[in-house]
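Chain and residue survey
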Amino acid sequence: MTPERYQRLLQTLRLRQPDLTVITDEVHKGRNLSAIVRTCDAVGIDTVHTVVPQGGYRGFRGTASGSHKWVEVETYADIHQPVEQLRQRGFQIVATAISPKCKNYLDIDYTKSTALMLGSEKRGVSEQGLSVADEHISVPMIGMVESLNVSVAAAIILQEAFRQRQEAGLYGTNRLSAEIQTLRFFRWAHPKVAEYCDQKGLPYPAIRESDGEIIDPSGWYKSVK
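Residue positions are counted from 1 within each chain, in the order its sequence is given. Where local features are concerned, this predicted model is filtered to residues with pLDDT of at least 70; where side-chain atom pairs are given and counted, the filter is 80 or more; whole-chain, interface and lining totals use all residues. Derived side-chain values reflect all non-hydrogen atoms in the structure, with water molecules and hydrogen atoms excluded from consideration.

1. A few points about the layout of surface pockets
Spelled out, the test is: Site definitions follow a grid-based scheme: protein atoms alone, a 1 Å grid, a 1.4 Å probe that fits but cannot get out for cavities, and for pockets an open set with protein on both sides within 12 Å along at least five of seven lines, plus lining residues having an atom within 4 Å of a point. Grid points are joined across faces, edges and corners, and a volume is the space filled by probe spheres set on the points.
When its volume is computed, the largest pocket comes out at roughly 650 Å³. In terms of lining, the largest pocket is formed by 29 residues, of which the most central are Thr96, Ala97, Ile98, Gly124 and Ser147.

See the structure below:
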């Protein structure tokens, strides 16, 4: 690992926003989910919460695998599971919708702990999702189409969250816990070793703080072989 890459990994982790996330409510197209995850990485989101579509993901693994290297993706059977978990942590749930009662997405305070809920390609956020959301929002439009592509809407809204959080100085502090930061760094820097350890139920080997490399890798491998 070059010194430049080591520092970039550390800096990226320092900028992660543990109190900003996305919930996808049965988004099933691989290209859309991939684009959402990429945008999440771009604005410093650490974890995305996805409700698994009843029909499964279309082209999910191959399309989005590169993005998933940098963003954790947790899956759920229904919308109530991630909402309940995030509410217990003090998150406001903000759902995209098409309704006269919707607020302009610019009128939301994204410096608060926020989960952006995005709906499926065909029907949008489910009735269950809308019923548990604190706010309904939309992106103003003046054309003939009724809605934006879900990944485009996500990018627009998350860029506003990014802008607000930058102005508030939320990207100026190291906000991930030390435990999570160490875990993420190892998986990013040493993915093959991390995968081996996960499969075997082994703790990750120690790394040097100076360069992020594994201490005595051959000796460690002999001890666990």
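2. Here we look at the packing of aromatic side chains
Test applied: To pair, rings of Phe, Tyr and Trp, with the six-membered ring standing in for Trp, must have centres within 6.5 Å; the planes then decide the type, stacked if under 30 degrees apart, edge-to-face if over 60, and tilted in the middle. Note on classification: 1.4 Å probe, protein chains only; a residue is buried when its accessible area is under 20% of the maximum for its type, exposed when over 50%, partly exposed between these limits. Only runs of H or I of at least four residues qualify as helices and only runs of E of at least two qualify as strands under DSSP, and these elements are numbered from the N terminus.
Inspection of every chain in the model, using the stated rule, returns 6 aromatic pairs. Here Phe162 and Tyr171 contribute two aromatic rings whose centre-to-centre distance is 5.2 Å and whose plane-to-plane angle is 70°, an arrangement assigned as edge-to-face. With a relative accessible area of 21%, Phe162 lands in the partly exposed category. With relative accessibility at 14%, the residue Tyr171 sits in the buried group. Pairing Tyr196 with Trp220 gives two aromatic rings, centres 6.4 Å apart and planes at 80°, and the pair type is edge-to-face. With Tyr196 in helix H8 (residues 191–200) and Trp220 in helix H9 (residues 217–224), the pair connects residues that are 24 residues apart, well separated along the chain. Note on Tyr196: relative accessible area 21%, which makes it partly exposed. Classification of Trp220 as buried rests on a relative accessible area of 16%. By way of ring pairs, the aromatic residues Tyr196, Trp220 and Tyr221 are connected into one cluster.

3. Looking at the packing of helix H2 (residues 30–42) against helix H6 (residues 150–167)
Cut-off, in case you're wondering: Each axis is a line fitted through C-alpha atoms, taken for helices only over the stretch in contact, and angles between the N-to-C directions span 0 to 180 degrees. Here roughly perpendicular refers to angles of 65 to 115 degrees, roughly parallel to angles under 35, roughly antiparallel to angles over 145, and oblique to all remaining angles. Contact definition: two residues touch when any of their heavy atoms are within 4.5 Å. We call Asp, Glu, Lys and Arg charged. Ala, Val, Leu, Ile, Met, Phe, Trp, Tyr, Cys and Pro are nonpolar, and the rest, Gly among them, are polar.
In the contact formed by H2 and H6, the axes pass within 8 Å of each other and the chain directions differ by 10°. One element, H2, and the other, H6, form an angle in the roughly parallel class. Residue-level inspection shows Asn32, Ala35, Ile36, Thr39 and Cys40 of H2 in contact with H6, the latter providing Val150, Ser151, Ala154, Ala155 and Leu158. Looking at the contact of H2 with H6 residue by residue, the class counts come to 7 nonpolar, 3 polar and no charged.

4. Side note on the pairing of strand E7 (residues 135–138)
Spelled out, the test is: Two strands make a pair as long as DSSP finds a minimum of two bridges between them.
With 3 bridges connecting them, strand E4 (residues 92–96) and E7 associate as parallel partners. Bridging across to E7, Thr96 finds its partner in Ile137. When strand E5 (residues 103–104) meets E7, the two strands line up parallel, connected through 2 bridges. In the sheet register, Asn104 faces E7, and the bridge partner there is Ser138.

5. Looking at the packing of H8 against H9
Using the following cut-off: Helix crossings are classified by the rotation of the near helix relative to the far one: an anticlockwise turn of less than a right angle makes the crossing left-handed, while a clockwise turn makes it right-handed.
Following both chains from N to C, one finds H8 and H9 inclined at 20°, their axes separated by 13 Å at the closest point. The angle between H8 and H9 places the two elements in the roughly parallel class. Handedness of the crossing formed by H8 with H9: left-handed. Residues Val193, Tyr196 and Cys197 of H8 lie in contact with H9, whose contacting residues are Trp220, Tyr221 and Val224. Here the residues of the contact of H8 with H9 sort into 6 nonpolar, no polar and no charged.

6. Some details on the sheet that holds E4
Across the sheet, which stays open at both edges, the 7 strands sit in the order E3-E2-E1-E6-E4-E7-E5 with parallel pairing between neighbours. Only two strands of the sheet have a single neighbouring strand rather than two, namely strand E3 (72–76) and E5. Contacting strand E1 (20–25), strand E2 (47–51), E3 and strand E6 (114–119), H2 crosses the sheet at an angle of about 170° to E1.

This is a description of form; function is not addressed.
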